[in-house]
Amino acid sequence: MLLAYDDDGPGPVVVLLHGFPLNRTMWKAQQARIGSLYRVISPDLRGHGHTAAPYGIYTIDEMADDVLDLLNALQLKEPVVLGGLSMGGYIALSLIARHPERVRALMLMDTRAGADSTEAALARQELAKQVEATRSVEHVVTTMLPKLFSETTRSLHPDRIEPVRRMMEHTPARTVAGALRGMAARPDRTNDLARIHVPTLVLVGEDDTITPPNEARAMAQAIPGAQLEIIPHAGHLAPLENPSASNEAILRFLSSLA
Ligand code: MLT
């Protein structure tokens, strides 16, 4: 599958994979700041943003293969820095587990290695059915949106919430259903963490209630040598809610790779 993408900036390649059901514009602040020093490539994952939306289950491995196809199409045979937020993190973990030679460093943001519990997987299947039956993502937007942000973002930066609402509203129902089913079926990658042998940054918003800091800490402890950065005044979308602290943490990590 051909992915739409942004590709800008000088220097070593940093690939950023967005969360569900968002698109590459969530990385606007990173594209601007990190893209002044690095070549930042941010695709729209299958069905999201400007990438075509096929019917069916969007498995995490398939979405990772899409990213690999993009790297190949861009002739990027050298390993890249791979970052992903939440669902993007699941995809990054799939890619490094199956193609470790393509990754020179990893950034796992507001994400987890574990699979869904049986209850969570069933709830996703139900939601997928409902989205398909109504051909609307409205229910997903209204239930998910308030859980994404910290209190600080809600009270001081409501302007950072509206673009996220729009990204979600513009995601087709079949993408939302396909990605929900793909996430419900994703494997538990906890045992893969000890086998990650590239520098890794684990970044999480201090108020992330979806993938909370204690899970991020456990994930960082399981990856040899991983660094943990907890971003203040941020929830599940830390790079978008607190771009300056997130960018500093990311740039510190990237400069340590040189
Ligand atoms: C995301 O932000 O990508 C989602 O919260 C991932 C998920 O639902 O597991």
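Predicted model only: the values in this text are computed from it and were never measured.

Cut-offs used in this document
- Residues numbered from 1 in each chain as written.
- Predicted model: local features only at pLDDT ≥ 70, side-chain atom pairs only at ≥ 80, totals over all residues.
- Heavy atoms only, no water.
- Pairing = 2+ DSSP bridges.
- Helix = DSSP H or I, 4+ residues; strand = E, 2+ residues; numbered from the N terminus.
- Axes fitted to C-alpha atoms, helices over the stretch in contact; angles between N-to-C directions.
- Contact = heavy atoms within 4.5 Å.
- Buried < 20%, exposed > 50% of the residue type's maximum accessible area, 1.4 Å probe, protein only.
- Right-handed = clockwise from strand over helix to strand, strands pointing away.
- Near = heavy atom within 4 Å.
- Polar contact = N/O pair within 3.5 Å; in protein donor to acceptor, adjacent residues only side chain to side chain.
- Areas by Shrake-Rupley, 256 points an atom, 1.4 Å probe, with all protein chains shown as cover.
- Nonpolar A, V, L, I, M, F, W, Y, C, P; charged D, E, K, R; others polar.

A word on the sheet that holds strand β1 (residues 5-8). If you walk across this open sheet you meet the seven strands as β1-β3-β2-β4-β5-β6-β7, and the pairing is mixed. If you trace the sheet from one side to the other, it starts and ends with β1 and β7 (227-231), each paired once. With strand direction ignored, the average angle separating the axes of adjacent strands in the sheet is 15 degrees. By the bridge criterion, six bridges tie strand β4 (residues 80-85) to strand β5 (residues 103-109) in an arrangement that is parallel. Bridged to Gly83 within β5 is Met107. Strands in contact with helix α3 (residues 87-98) are β2 (13-17), β4 and β5; relative to β5, the strand with the most contacts, it is inclined by about 155 degrees.

Residue position: Arg24 is located in the loop between β2 and α1 (28-33). Apart from residues no more than four positions distant in its own chain, Arg24 is found in contact with Ala4, Tyr5, Asp6, His18, Ser42, Pro43, Asp44 and His50.

Looking now at the environment of His157. You can see His157 is positioned in the loop between α6 (151-156) and α7 (162-169). Separated by 84 residues in the primary sequence, His157 and Glu241 have C-alpha atoms spaced 7.9 Å apart.

For the rest of this paragraph, the subject is the pairing of β2. β2 sits mainly inside the fold: five of its five residues count as buried. Burial along β2 is two-sided: the residues Val13, Val15 and Leu17 and Val14 and Leu16 are all buried. Pairing of β2 with strand β3 (residues 39-43), which is carried by three bridges, proceeds in the parallel orientation. Counterpart to Val14 in the pairing with β3 is Val40. Viewed along the sheet, the connection from β2 through α1 into β3 turns out right-handed.

Moving on: the site of the ligand. Within the structure, the ligand sits among Gly19, Phe20, Ser86, Met87, Tyr90, Arg124, Met144, Met183 and His236. Within the contact set of the ligand, an oxygen atom lies 2.7 Å away from a backbone nitrogen or oxygen of Phe20. Note that an oxygen atom of the ligand is positioned 2.5 Å from one of the side-chain N or O atoms of Tyr90. The protein chains hide 93% of the 270 Å² of surface that the ligand would expose on its own. Of the residues in the shell around the ligand, the class split is five nonpolar, three polar and one charged.

Once that is clear, we can look at unusual backbone geometry. A cis amide bond links Phe20 to the next residue, Pro21, at an omega of -15 degrees. Note that Pro21 resides in the loop between β2 and α1. A positive phi is found at Ser86, a non-glycine position, where the angle reads about 50 degrees. A relative accessible area of 8% places Ser86 in the buried class.

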